[in-house]
Amino acid sequence: MSKILVCTGGGDCPGLNAVIRGIVKAAKHDKQENEVWGSIEAFNGILKDPPDIRRLKNRTVRGIHVKGGTIIKTTNKGNPLDFPTRDEKGHWITEDRSEELVAKIKQYGFDAVVNIGGDGSQKISQALYEKGMNVIGVPKTIDNDLSATDLTFGFSTAVQITSDSFDKLVTTAASHNRVMIMEVMGRDAGWIALHTAIAGGAEICLIPEIPYDINRILKIIKKRYRKGKGFVNIVISEGAKPMDGEVVGKTSHDAGDTHIKLGGVANHLRAQLEAAGCEAQIRTTILGHVQRGGTPIAYDRILASAMGVKAFDLIKEKQFGTMVALRNNAITSVSLKDAISEYNHVDLDHYLIHTARSLGIAFGGE
Ligand code: F6P
(Lines give C-alpha, C1' and ligand atoms only; values in the text may rest on other atoms or scores of the structure.)
Protein backbone atom coordinates (compact mmCIF):
# COMPACT_ATOMS: atom_id res chain seq x y z
CA MET A 1 0.00 0.00 0.00
CA SER A 2 1.12 3.54 -0.74
CA LYS A 3 -0.07 6.74 0.88
CA ILE A 4 0.30 9.45 -1.73
CA LEU A 5 0.12 13.24 -1.41
CA VAL A 6 -0.74 15.32 -4.48
CA CYS A 7 -0.01 19.07 -4.84
CA THR A 8 -0.68 21.58 -7.58
CA GLY A 9 1.65 24.61 -7.51
CA GLY A 10 2.18 27.83 -9.48
CA GLY A 11 -0.37 29.22 -11.93
CA ASP A 12 -3.35 27.03 -12.74
CA CYS A 13 -3.71 25.37 -16.12
CA PRO A 14 -6.43 23.41 -17.92
CA GLY A 15 -5.86 19.69 -17.30
CA LEU A 16 -4.75 19.79 -13.65
CA ASN A 17 -7.93 18.05 -12.54
CA ALA A 18 -7.49 15.34 -15.16
CA VAL A 19 -4.01 14.59 -13.73
CA ILE A 20 -5.43 14.38 -10.19
CA ARG A 21 -8.19 12.06 -11.40
CA GLY A 22 -5.63 9.92 -13.27
CA ILE A 23 -3.58 9.41 -10.10
CA VAL A 24 -6.63 8.62 -7.94
CA LYS A 25 -8.14 6.20 -10.45
CA ALA A 26 -4.82 4.41 -11.12
CA ALA A 27 -4.31 4.07 -7.34
CA LYS A 28 -7.78 2.55 -7.02
CA HIS A 29 -7.27 0.26 -10.01
CA ASP A 30 -4.06 -1.08 -8.48
CA LYS A 31 -4.23 -4.40 -6.64
CA GLN A 32 -2.87 -2.83 -3.45
CA GLU A 33 -4.97 -0.66 -1.16
CA ASN A 34 -3.65 2.85 -1.78
CA GLU A 35 -4.62 6.18 -0.29
CA VAL A 36 -4.44 9.47 -2.16
CA TRP A 37 -4.58 12.86 -0.45
CA GLY A 38 -4.45 16.40 -1.77
CA SER A 39 -2.59 19.24 -0.06
CA ILE A 40 -4.69 22.39 -0.40
CA GLU A 41 -2.84 25.31 -2.10
CA ALA A 42 0.35 23.49 -3.03
CA PHE A 43 2.52 22.68 0.01
CA ASN A 44 0.80 25.33 2.10
CA GLY A 45 -1.82 22.78 3.16
CA ILE A 46 0.70 20.41 4.67
CA LEU A 47 2.58 23.24 6.39
CA LYS A 48 -0.56 24.42 8.19
CA ASP A 49 -1.33 23.34 11.71
CA PRO A 50 -3.62 21.39 11.64
CA PRO A 51 -2.78 20.41 8.05
CA ASP A 52 -5.21 21.41 5.32
CA ILE A 53 -5.24 18.14 3.39
CA ARG A 54 -8.10 16.28 1.81
CA ARG A 55 -8.65 12.60 1.06
CA LEU A 56 -9.18 12.10 -2.67
CA LYS A 57 -11.41 9.14 -3.36
CA ASN A 58 -12.91 7.92 -6.62
CA ARG A 59 -16.10 9.79 -5.88
CA THR A 60 -14.17 13.03 -5.20
CA VAL A 61 -12.68 12.98 -8.68
CA ARG A 62 -15.73 11.81 -10.59
CA GLY A 63 -16.11 13.91 -13.77
CA ILE A 64 -13.46 16.47 -12.83
CA HIS A 65 -11.32 15.83 -15.93
CA VAL A 66 -13.56 18.17 -17.93
CA LYS A 67 -13.22 21.03 -15.45
CA GLY A 68 -10.65 23.83 -15.55
CA GLY A 69 -8.65 24.93 -12.51
CA THR A 70 -7.68 22.56 -9.72
CA ILE A 71 -9.93 21.09 -7.04
CA ILE A 72 -7.03 21.22 -4.55
CA LYS A 73 -6.25 24.92 -5.26
CA THR A 74 -2.91 26.39 -6.13
CA THR A 75 -0.71 29.36 -5.27
CA ASN A 76 2.33 31.25 -6.52
CA LYS A 77 3.36 31.74 -2.91
CA GLY A 78 3.91 28.16 -1.87
CA ASN A 79 7.65 27.69 -2.15
CA PRO A 80 8.66 25.93 1.11
CA LEU A 81 12.27 27.07 0.58
CA ASP A 82 11.21 30.72 0.39
CA PHE A 83 8.01 30.72 2.40
CA PRO A 84 6.25 34.05 3.04
CA THR A 85 5.71 34.87 6.69
CA ARG A 86 5.49 38.00 8.86
CA ASP A 87 8.32 39.10 11.14
CA GLU A 88 7.67 40.42 14.66
CA LYS A 89 7.04 43.93 13.26
CA GLY A 90 4.42 42.56 10.87
CA HIS A 91 6.57 42.93 7.75
CA TRP A 92 6.53 40.19 5.13
CA ILE A 93 9.73 38.17 4.96
CA THR A 94 10.48 34.67 3.69
CA GLU A 95 11.93 31.68 5.49
CA ASP A 96 13.10 28.21 4.55
CA ARG A 97 10.53 25.67 5.80
CA SER A 98 11.69 22.78 3.61
CA GLU A 99 13.14 20.67 6.45
CA GLU A 100 9.89 21.09 8.38
CA LEU A 101 7.92 20.09 5.28
CA VAL A 102 9.97 16.93 4.69
CA ALA A 103 9.56 16.00 8.38
CA LYS A 104 5.78 16.57 8.28
CA ILE A 105 5.35 14.45 5.15
CA LYS A 106 7.10 11.59 7.03
CA GLN A 107 5.16 12.25 10.24
CA TYR A 108 1.81 12.00 8.39
CA GLY A 109 2.91 8.70 6.84
CA PHE A 110 3.12 9.72 3.18
CA ASP A 111 5.22 7.36 1.06
CA ALA A 112 5.29 9.58 -2.01
CA VAL A 113 4.47 13.10 -3.19
CA VAL A 114 3.33 14.05 -6.70
CA ASN A 115 4.13 17.69 -7.39
CA ILE A 116 2.23 18.97 -10.43
CA GLY A 117 3.72 22.26 -11.57
CA GLY A 118 5.88 24.24 -13.98
CA ASP A 119 9.51 25.16 -14.05
CA GLY A 120 9.52 26.78 -10.58
CA SER A 121 7.59 23.91 -8.98
CA GLN A 122 9.93 21.29 -10.44
CA LYS A 123 12.94 23.19 -9.05
CA ILE A 124 11.22 22.86 -5.67
CA SER A 125 10.63 19.12 -6.37
CA GLN A 126 14.34 18.61 -7.01
CA ALA A 127 15.35 20.52 -3.85
CA LEU A 128 12.92 18.45 -1.75
CA TYR A 129 14.11 15.23 -3.38
CA GLU A 130 17.66 16.15 -2.36
CA LYS A 131 16.37 16.58 1.20
CA GLY A 132 14.99 13.05 1.22
CA MET A 133 11.43 13.42 -0.06
CA ASN A 134 10.07 10.71 -2.39
CA VAL A 135 8.83 13.02 -5.08
CA ILE A 136 7.57 12.63 -8.65
CA GLY A 137 7.06 15.72 -10.81
CA VAL A 138 4.33 16.23 -13.39
CA PRO A 139 4.98 19.12 -15.82
CA LYS A 140 2.27 21.74 -16.10
CA THR A 141 2.17 25.07 -17.90
CA ILE A 142 0.25 26.75 -20.68
CA ASP A 143 3.59 28.28 -21.76
CA ASN A 144 5.08 24.95 -22.95
CA ASP A 145 8.45 26.18 -21.68
CA LEU A 146 9.77 22.93 -20.16
CA SER A 147 12.37 21.40 -22.44
CA ALA A 148 12.24 17.85 -21.03
CA THR A 149 8.77 17.18 -22.41
CA ASP A 150 7.62 17.60 -26.00
CA LEU A 151 4.42 19.19 -24.79
CA THR A 152 2.75 20.25 -21.56
CA PHE A 153 -0.98 19.80 -21.00
CA GLY A 154 -2.88 23.10 -21.00
CA PHE A 155 -0.81 24.52 -23.84
CA SER A 156 -3.11 23.23 -26.59
CA THR A 157 -6.19 24.53 -24.77
CA ALA A 158 -4.55 27.95 -24.41
CA VAL A 159 -3.73 27.97 -28.13
CA GLN A 160 -7.34 27.06 -28.93
CA ILE A 161 -8.53 30.02 -26.85
CA THR A 162 -6.02 32.45 -28.40
CA SER A 163 -6.79 31.24 -31.92
CA ASP A 164 -10.54 31.58 -31.41
CA SER A 165 -10.00 35.11 -30.10
CA PHE A 166 -7.68 35.94 -32.97
CA ASP A 167 -10.29 34.81 -35.54
CA LYS A 168 -12.76 37.23 -33.98
CA LEU A 169 -10.29 40.11 -34.19
CA VAL A 170 -9.56 39.41 -37.86
CA THR A 171 -13.13 40.13 -38.97
CA THR A 172 -13.35 43.39 -37.06
CA ALA A 173 -9.85 44.44 -38.27
CA ALA A 174 -10.93 43.83 -41.86
CA SER A 175 -14.20 45.75 -41.44
CA HIS A 176 -12.46 48.82 -40.04
CA ASN A 177 -9.17 48.64 -41.93
CA ARG A 178 -7.38 48.61 -38.61
CA VAL A 179 -4.15 47.30 -37.17
CA MET A 180 -5.09 44.82 -34.45
CA ILE A 181 -2.52 43.84 -31.84
CA MET A 182 -3.36 40.81 -29.70
CA GLU A 183 -1.13 40.04 -26.70
CA VAL A 184 -0.85 36.46 -25.50
CA MET A 185 0.87 34.82 -22.51
CA GLY A 186 3.92 32.56 -22.64
CA ARG A 187 6.50 34.24 -20.38
CA ASP A 188 9.95 34.04 -22.00
CA ALA A 189 8.89 31.56 -24.68
CA GLY A 190 7.00 32.43 -27.85
CA TRP A 191 5.19 29.11 -28.33
CA ILE A 192 1.65 30.38 -27.77
CA ALA A 193 2.20 33.36 -30.09
CA LEU A 194 3.84 31.26 -32.81
CA HIS A 195 1.06 28.65 -32.83
CA THR A 196 -1.63 31.33 -32.76
CA ALA A 197 -0.05 33.22 -35.66
CA ILE A 198 -0.04 30.11 -37.83
CA ALA A 199 -3.50 28.91 -36.78
CA GLY A 200 -5.01 32.37 -37.21
CA GLY A 201 -3.09 33.60 -40.25
CA ALA A 202 -1.40 36.62 -38.67
CA GLU A 203 0.58 39.07 -40.76
CA ILE A 204 3.08 39.68 -37.95
CA CYS A 205 4.17 37.52 -35.00
CA LEU A 206 6.40 38.95 -32.27
CA ILE A 207 8.09 36.53 -29.88
CA PRO A 208 10.72 36.91 -27.12
CA GLU A 209 13.26 34.92 -29.11
CA ILE A 210 13.32 37.49 -31.97
CA PRO A 211 13.59 41.09 -30.67
CA TYR A 212 11.60 43.31 -32.99
CA ASP A 213 12.56 46.39 -34.99
CA ILE A 214 9.74 48.94 -34.95
CA ASN A 215 10.75 50.43 -38.32
CA ARG A 216 10.59 47.02 -39.92
CA ILE A 217 7.06 46.48 -38.55
CA LEU A 218 5.97 49.93 -39.75
CA LYS A 219 7.31 49.15 -43.23
CA ILE A 220 5.22 45.95 -43.42
CA ILE A 221 2.11 47.81 -42.28
CA LYS A 222 2.61 50.65 -44.79
CA LYS A 223 3.22 48.19 -47.62
CA ARG A 224 -0.03 46.34 -46.90
CA TYR A 225 -2.03 49.57 -46.84
CA ARG A 226 -0.29 50.81 -50.01
CA LYS A 227 -1.25 47.59 -51.76
CA GLY A 228 -4.85 48.13 -50.68
CA LYS A 229 -4.96 45.12 -48.33
CA GLY A 230 -6.16 47.45 -45.67
CA PHE A 231 -5.69 45.71 -42.33
CA VAL A 232 -2.96 44.03 -40.29
CA ASN A 233 -3.27 41.43 -37.53
CA ILE A 234 -0.39 41.18 -35.10
CA VAL A 235 0.03 38.59 -32.37
CA ILE A 236 2.58 39.52 -29.73
CA SER A 237 3.92 37.41 -26.91
CA GLU A 238 3.89 39.07 -23.47
CA GLY A 239 7.67 38.53 -23.24
CA ALA A 240 8.48 40.12 -26.63
CA LYS A 241 10.81 43.10 -26.58
CA PRO A 242 12.16 45.64 -29.04
CA MET A 243 15.79 45.47 -30.15
CA ASP A 244 17.81 47.27 -27.47
CA GLY A 245 14.68 47.40 -25.30
CA GLU A 246 13.32 45.67 -22.23
CA VAL A 247 10.28 43.47 -21.56
CA VAL A 248 7.16 45.24 -20.33
CA GLY A 249 5.97 44.26 -16.88
CA LYS A 250 6.00 45.03 -13.21
CA THR A 251 8.37 43.67 -10.61
CA SER A 252 6.34 41.99 -7.93
CA HIS A 253 7.35 42.84 -4.38
CA ASP A 254 5.09 40.17 -2.89
CA ALA A 255 7.01 38.04 -0.38
CA GLY A 256 7.32 34.56 -1.85
CA ASP A 257 6.44 35.67 -5.39
CA THR A 258 8.97 38.16 -6.70
CA HIS A 259 8.69 37.16 -10.35
CA ILE A 260 8.35 39.96 -12.86
CA LYS A 261 4.68 40.12 -13.90
CA LEU A 262 4.69 40.48 -17.67
CA GLY A 263 1.89 42.30 -19.44
CA GLY A 264 1.20 45.42 -21.49
CA VAL A 265 3.63 45.03 -24.39
CA ALA A 266 0.72 45.38 -26.86
CA ASN A 267 0.10 48.93 -25.64
CA HIS A 268 3.80 49.65 -25.72
CA LEU A 269 3.97 48.49 -29.34
CA ARG A 270 0.97 50.62 -30.22
CA ALA A 271 2.64 53.72 -28.72
CA GLN A 272 5.86 52.94 -30.56
CA LEU A 273 4.03 52.55 -33.88
CA GLU A 274 2.12 55.80 -33.40
CA ALA A 275 5.30 57.64 -32.47
CA ALA A 276 7.02 56.23 -35.55
CA GLY A 277 4.28 57.66 -37.78
CA CYS A 278 1.79 54.81 -38.27
CA GLU A 279 -1.33 56.47 -39.69
CA ALA A 280 -3.64 53.47 -39.50
CA GLN A 281 -5.95 53.12 -36.51
CA ILE A 282 -4.55 50.68 -33.97
CA ARG A 283 -6.46 48.67 -31.36
CA THR A 284 -5.01 46.37 -28.71
CA THR A 285 -6.39 43.30 -26.94
CA ILE A 286 -4.63 41.73 -23.97
CA LEU A 287 -6.14 38.29 -23.48
CA GLY A 288 -4.75 37.67 -19.98
CA HIS A 289 -6.05 34.92 -17.78
CA VAL A 290 -8.88 33.75 -20.05
CA GLN A 291 -6.06 31.74 -21.66
CA ARG A 292 -5.77 29.63 -18.51
CA GLY A 293 -9.42 29.24 -17.68
CA GLY A 294 -12.27 26.97 -18.60
CA THR A 295 -12.51 23.42 -19.73
CA PRO A 296 -9.47 21.65 -21.25
CA ILE A 297 -9.82 20.53 -24.86
CA ALA A 298 -9.97 16.75 -25.42
CA TYR A 299 -6.26 16.48 -26.28
CA ASP A 300 -5.22 18.05 -22.97
CA ARG A 301 -7.61 15.83 -20.99
CA ILE A 302 -6.01 12.80 -22.60
CA LEU A 303 -2.41 13.99 -22.11
CA ALA A 304 -3.11 15.03 -18.51
CA SER A 305 -4.84 11.69 -17.74
CA ALA A 306 -1.90 9.75 -19.20
CA MET A 307 0.52 11.84 -17.13
CA GLY A 308 -1.47 11.22 -13.93
CA VAL A 309 -1.49 7.48 -14.53
CA LYS A 310 2.25 7.53 -15.31
CA ALA A 311 2.96 9.41 -12.06
CA PHE A 312 1.29 6.56 -10.16
CA ASP A 313 3.27 3.96 -12.17
CA LEU A 314 6.50 5.75 -11.24
CA ILE A 315 5.54 5.61 -7.56
CA LYS A 316 4.96 1.86 -7.85
CA GLU A 317 8.38 1.51 -9.48
CA LYS A 318 9.93 3.78 -6.80
CA GLN A 319 11.39 6.00 -9.53
CA PHE A 320 11.59 9.02 -7.23
CA GLY A 321 13.36 12.19 -8.30
CA THR A 322 11.87 11.93 -11.78
CA MET A 323 9.35 13.90 -13.79
CA VAL A 324 6.75 12.49 -16.17
CA ALA A 325 7.38 13.54 -19.78
CA LEU A 326 5.97 13.13 -23.26
CA ARG A 327 8.76 12.25 -25.66
CA ASN A 328 8.51 11.01 -29.22
CA ASN A 329 4.85 10.16 -28.73
CA ALA A 330 5.47 8.06 -25.61
CA ILE A 331 4.81 8.80 -21.95
CA THR A 332 8.09 8.35 -20.16
CA SER A 333 10.13 9.92 -17.37
CA VAL A 334 13.25 12.07 -17.04
CA SER A 335 15.30 12.94 -13.98
CA LEU A 336 14.11 16.12 -12.28
CA LYS A 337 17.67 17.41 -12.51
CA ASP A 338 17.59 17.18 -16.31
CA ALA A 339 14.04 18.46 -16.42
CA ILE A 340 14.97 21.79 -14.84
CA SER A 341 18.33 22.26 -16.54
CA GLU A 342 17.14 23.93 -19.72
CA TYR A 343 14.38 26.41 -20.56
CA ASN A 344 12.32 25.60 -23.66
CA HIS A 345 12.72 28.67 -25.86
CA VAL A 346 11.47 28.60 -29.43
CA ASP A 347 14.42 27.33 -31.43
CA LEU A 348 14.80 29.48 -34.52
CA ASP A 349 15.47 26.32 -36.52
CA HIS A 350 12.12 24.87 -35.42
CA TYR A 351 9.95 23.72 -38.32
CA LEU A 352 7.15 26.07 -37.27
CA ILE A 353 9.42 29.12 -37.68
CA HIS A 354 10.09 27.95 -41.23
CA THR A 355 6.37 27.24 -41.73
CA ALA A 356 5.43 30.71 -40.51
CA ARG A 357 8.00 32.47 -42.68
CA SER A 358 6.92 30.48 -45.74
CA LEU A 359 3.32 31.45 -45.06
CA GLY A 360 4.36 35.09 -45.18
CA ILE A 361 4.25 35.77 -41.44
CA ALA A 362 6.86 38.39 -40.48
CA PHE A 363 8.69 38.24 -37.15
CA GLY A 364 9.68 41.91 -37.14
CA GLY A 365 13.35 41.18 -36.51
CA GLU A 366 16.37 39.24 -37.73
O1 F6P B 1 3.22 30.57 -16.50
C2 F6P B 1 1.88 30.70 -16.81
C3 F6P B 1 1.47 32.14 -16.87
O4 F6P B 1 0.10 32.17 -17.21
C5 F6P B 1 2.31 33.01 -17.80
O6 F6P B 1 1.97 32.82 -19.13
C7 F6P B 1 2.02 34.38 -17.23
O8 F6P B 1 3.08 35.28 -17.48
C9 F6P B 1 1.93 34.11 -15.76
O10 F6P B 1 1.62 32.75 -15.60
C11 F6P B 1 0.90 34.95 -15.04
O12 F6P B 1 0.95 34.62 -13.70
P13 F6P B 1 -0.05 35.14 -12.56
O14 F6P B 1 -0.94 33.98 -12.26
O15 F6P B 1 0.86 35.43 -11.43
O16 F6P B 1 -0.79 36.32 -13.07
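All figures in this text were calculated on a predicted structure; none of them were measured in a lab. (Residues numbered from 1 in each chain as written. Predicted model: local features only at pLDDT ≥ 70, side-chain atom pairs only at ≥ 80, totals over all residues. Heavy atoms only, no water.)

On to the side chain of Arg178, then. Turning to its location among the elements, Arg178 is positioned in the loop between helix H5 (155-176) and strand E8 (179-184). There is no salt bridge for the buried Arg178, and the closest opposite charge comes from Glu274, which lies 10 Å off by N-O distance. (Helix = DSSP H or I, 4+ residues; strand = E, 2+ residues; numbered from the N terminus. Buried < 20%, exposed > 50% of the residue type's maximum accessible area, 1.4 Å probe, protein only. Lys, Arg positive; Asp, Glu negative; His and termini not counted. Salt bridge = Lys/Arg side-chain N within 4 Å of Asp/Glu carboxyl O.)

Here we take up the domain arrangement of the chain. Looking at the chain, the domain boundaries give domain 1 (2-153 + 294-339) and domain 2 (158-292 + 347-358). Centre-to-centre separation of domain 1 and domain 2, based on C-alpha positions: 33 Å. Between domain 1 and domain 2, the contact holds 17 residues from the first and 15 residues from the second. Taken over both partners, the interface formed by domain 1 and domain 2 buries close to 1300 Å², and the fraction arising from carbon and sulfur atoms is 56%. Of all residues in domain 1, Lys77, Ile142 and Asp143 bury the most surface against domain 2, accounting for 40% of the area lost on that side. Inspection of the region where domain 1 meets domain 2 yields two salt bridges. For the pair domain 1 and domain 2, the number of links is three residue pairs in polar contact (both at pLDDT 80 or more). No other element matches the three residues that strand E5 (residues 92-95) contributes to the side of domain 1 that touches domain 2. Its residues assigned to classes, the side of domain 1 that touches domain 2 shows seven nonpolar, five polar and five charged. (Domains from an automatic or database assignment. Contact = heavy atoms within 4.5 Å. Buried area = accessible area lost by both parts, 1.4 Å probe. Polar contact = N/O pair within 3.5 Å; in protein donor to acceptor, adjacent residues only side chain to side chain. Nonpolar A, V, L, I, M, F, W, Y, C, P; charged D, E, K, R; others polar.)

Near the ligand you find Asn76, Ile142, Asp143, Met185, Gly186, Arg187, Glu238, Lys261, His289 and Arg292, and these make up its full shell. Lys261 is positioned with one of its side-chain polar atoms (N or O) 2.6 Å from an oxygen atom of the ligand. His289 places a side-chain nitrogen or oxygen 2.8 Å from an oxygen atom of the ligand. When each cavity is represented as a set of grid points, the ligand is found to reside in the largest pocket. (Near = heavy atom within 4 Å. 1 Å grid on protein atoms, 1.4 Å probe; cavity = no way out; pocket = protein on both sides within 12 Å on 5 of 7 lines; lining within 4 Å. Sits in = over half its atoms within 2 Å of the grid points.)

Bringing the packing of aromatic side chains into the picture now. This model, assessed by the stated rule, comprises zero aromatic pairs. Stacked on the ring of Phe231, the Lys or Arg Arg224 has its end atom at 5.2 Å from the ring centre. (Phe/Tyr/Trp six-rings, centres within 6.5 Å; stacked < 30°, edge-to-face > 60°. Lys NZ or Arg CZ within 6 Å of the ring centre and 35° of its normal.)

Our focus in this paragraph is the sheet that holds strand E3 (residues 53-55). Ordered in space as E3-E2-E1-E6-E7-E14-E15, the seven strands form an open sheet in which the pairing is mixed. The strands lining the two open edges of the sheet, one partner per strand, are E3 and strand E15 (330-335). Averaged over all pairs of adjacent strands, the angle between their axes in this sheet comes to 30°, without regard to strand direction. Sheet topology note: the strand E14 (residues 322-327)/E15 ladder contains six bridges and is antiparallel. By the bridge assignment for E15, Val324 is matched with Ser333. The sheet contacts of helix H1 (residues 16-29) involve strand E1 (3-8), strand E2 (35-39), strand E6 (112-117) and strand E7 (135-139), and relative to E6 the element is tilted by about 160°. Along the sheet face, helix H4 (residues 119-130) touches E6, E7 and E14 and points at about 160° away from the line of E6. (Pairing = 2+ DSSP bridges. Axes fitted to C-alpha atoms, helices over the stretch in contact; angles between N-to-C directions.)

This part takes up the packing of helix H7 (residues 214-226) against helix H8 (residues 265-275). For any two helices packed against each other, one specifies the inter-axial angle together with the distance between the axes. Interaxial distance between H7 and H8 falls to 10 Å at its minimum, and their mutual angle equals 75°. Relative to H8, the element H7 lies roughly perpendicular. Counted together, Ile214, Ile217, Leu218 and Ile221 of H7 and Leu269, Gln272 and Leu273 of H8 form the full contact between these two elements. Considered class by class, the residues forming the contact of H7 with H8 number six nonpolar, one polar and no charged. (Parallel < 35°, antiparallel > 145°, perpendicular 65-115°, else oblique.)

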